[in-house]
Amino acid sequence: MKINHHYLELEQSYLFTTIAHKVSAFQAAHPEKSIIRLGIGDVTLPLCGAVVKALEDASAEMGVKETFHGYGPEQGYDFLKQAIADYYQEKGVTLALDEIFVSDGAKSDVGNILDLFDADNTVLVPDPVYPVYVDTNIMAGRKVIFADANAENGFLPLPDEKVDADIIYICSPNNPTGAVYDREGLQAWVNYAKERNAVILFDAAYECFVCDGSPRSIYEIEGAKEVAIEFCSFSKTAGFTGTRCGYTIVPKALVREGVALNGLWLRRQTTKFNGVPYIVQKGAAAVFSPEGRKETLANIDYYRENAKILADTLDRIGIRYTGGKNSPYIWMECPNGMKSWEFFDYLLENAGVVGTPGAGFGKNGEGFFRLTAFNDHENTKAAAKRIEELLGK
Ligand code: MLT
């Protein structure tokens, strides 16, 4: 028996696991210190009333013989897929229900989708970026190359004609930098993918934060259905980080080597996945009800206010940052030339505030630091005050 040796090429632990261990060790050594977490992008507001009611009703149905549900369709119930299709129609995107695959979250599918691609493909990943894209490809032994995202290009790299890639990851609004592509930027990537017969894996997990008219879906771009798969999630939109539900869109127009990727993904899902629980899908469908829409938008506004509190604080101190407007993430420069992990320790030890070191997202993240707006108002204000007292001197 041989193990998959590619696992040994990974960092020893996943970024957010490393951070969690560091913070627990610090808390154990300093039990008296109050710690505020602005690290992992986990939400703090509870599920909204419309979702909770739908979850309760669906739970009650599961306890009655006539309305009980066993195995559901692996690709999701039509009631949820229809609600998702209607949501896309509002963005001017028409989807057939069999182009939508309900999942247990974008993170799982971003990794699972790689089953469809040969190990020989070259993968282009922006740097810095959500570590799952890189790690899942390393696990599969694929060659990963990077597109530099930096202050010069506003953390939004554009295609380089000299670079050949088969699989291209785009996350917009971006995790970690909060930068968001405009139509021209995404069109350039779609054109590049088309010329090379490449496939774009578009992570739209933060689309609900877009407020300046930038695209929320890659399918708003001409020709994207022939080149892109899109992943989205209810985690950040509706607080489902602990409830687990998302969706993946594989357009039927996406054909490579004469084969529709939609059919391959259906085959993969029906073989390796048994679907998201009925109860959870009912809860997710309630996000799109009029009441659910109102309540989830109010929650997103709440997090936007947190982002503003953090952004205003950095403005006052005079620290440069991106994000915070179309995104729940603020990507700040570490003060006084500190390195990312150095600043992580400094902020934890001196202010009891946890963030995410930019270097954990790639080499271009060195010297940067990510703060999230997902804590509550009270903690965010307290963290902002501590940051200002420490850095504003
Ligand atoms: C993050 O903090 O980058 C995200 O919460 C991670 C995730 O969504 O898996």
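We now turn to the structure provided with this report. (Residues numbered from 1 in each chain as written. Predicted model: local features only at pLDDT ≥ 70, side-chain atom pairs only at ≥ 80, totals over all residues. Heavy atoms only, no water.)

1. Re unusual backbone geometry
- Of note, the bond from Asp 127 into Pro 128 is cis; its omega dihedral lies within 30 degrees of zero at 10°.
- Structurally, Pro 128 can be placed in the loop between β3 (122-127) and α5 (131-139).
- In this structure, Pro 176 follows Asn 175 across a cis peptide bond, with omega equal to 20°.
- Along the chain, Pro 176 falls in the loop between β5 (167-171) and α6 (183-196). (Helix = DSSP H or I, 4+ residues; strand = E, 2+ residues; numbered from the N terminus.)

2. Regarding empty space enclosed by the protein
- If you walk through the whole model with that rule in mind, you get two cavities of 30 Å³ or more.
- In this structure, the largest cavity spans a volume of roughly 110 Å³.
- What lines the largest cavity is a set of 16 residues, among which Pro 126, Pro 157, Tyr 169, Ile 170 and Tyr 181 lie closest to the centre.
- Put simply, the parts of the chain that give the lining of the largest cavity at least two residues each are β3 and β5.
- The biggest single contributor to the lining of the largest cavity is β5, with four residues.
- Of the residues that constitute the lining of the largest cavity, the class distribution is 15 nonpolar, one polar and no charged.
- For the second largest cavity, the calculated volume is near 40 Å³. (1 Å grid on protein atoms, 1.4 Å probe; cavity = no way out; pocket = protein on both sides within 12 Å on 5 of 7 lines; lining within 4 Å. Points joined across faces, edges and corners; volume = space filled by probe spheres on them. Nonpolar A, V, L, I, M, F, W, Y, C, P; charged D, E, K, R; others polar.)

3. Quick look at the packing of aromatic side chains
- This structure, assessed with the given rule, holds 27 aromatic pairs.
- Ring geometry for Phe 16 versus Phe 361: centroids 6.3 Å apart, planes at 65°, classification edge-to-face. With Phe 16 in helix α1 (residues 15-29) and Phe 361 in the loop between β14 (356-357) and β15 (368-372), the pair connects residues that are 345 residues apart, well separated along the chain. Grouping residues by exposure puts Phe 16 and Phe 361 together as buried. (Phe/Tyr/Trp six-rings, centres within 6.5 Å; stacked < 30°, edge-to-face > 60°. Buried < 20%, exposed > 50% of the residue type's maximum accessible area, 1.4 Å probe, protein only.)

4. Some thoughts on the nonpolar core
- Core analysis: the biggest nonpolar cluster contains 89 residues, and Tyr 88, Ile 168, Ile 200 and Phe 234 have the highest contact counts within it.
- Of all the elements, helix α3 (residues 78-90) adds the most residues to this core, at six residues.
- When residues no more than four places from it in sequence are discounted, the contact partners of Ile 168 are Leu 124, Trp 189, Tyr 192, Ala 193, Ala 198, Val 199, Ile 200 and Leu 201.
- Ala 106, Leu 114, Ile 167 and Cys 171 belong to the second-largest nonpolar core, a separate cluster that totals 28 residues. (Core = buried A, V, L, I, M, F, W, Y, C linked by side-chain atoms within 4.5 Å. Contact = heavy atoms within 4.5 Å.)

5. Focus on the pattern of salt bridges
- The tally for this structure, following the rule as stated, stands at 22 salt bridges.
- Of the charged contacts, one joins Lys 81 and Asp 78 as a salt bridge, the two residues approaching to 3.9 Å between their closest N and O atoms. You can see Lys 81 and its partner Asp 78 sitting in helix α3, three residues apart, about one turn around the helix.
- Judged by relative accessible area, Asp 78 falls into the partly exposed class, the value being 47%.
- Two residues, Lys 272 and Asp 115, come together in a salt bridge whose shortest N-O distance is 2.8 Å. Taken as a pair, Lys 272 in helix α8 (residues 261-272) and Asp 115 in the loop between α4 (106-112) and β3 lie far apart in primary sequence, 157 residues in all.
- Members of the salt-bridge network, linked through shared partners, are Glu 161, Asp 164, Glu 195 and Arg 196. (Salt bridge = Lys/Arg side-chain N within 4 Å of Asp/Glu carboxyl O.)

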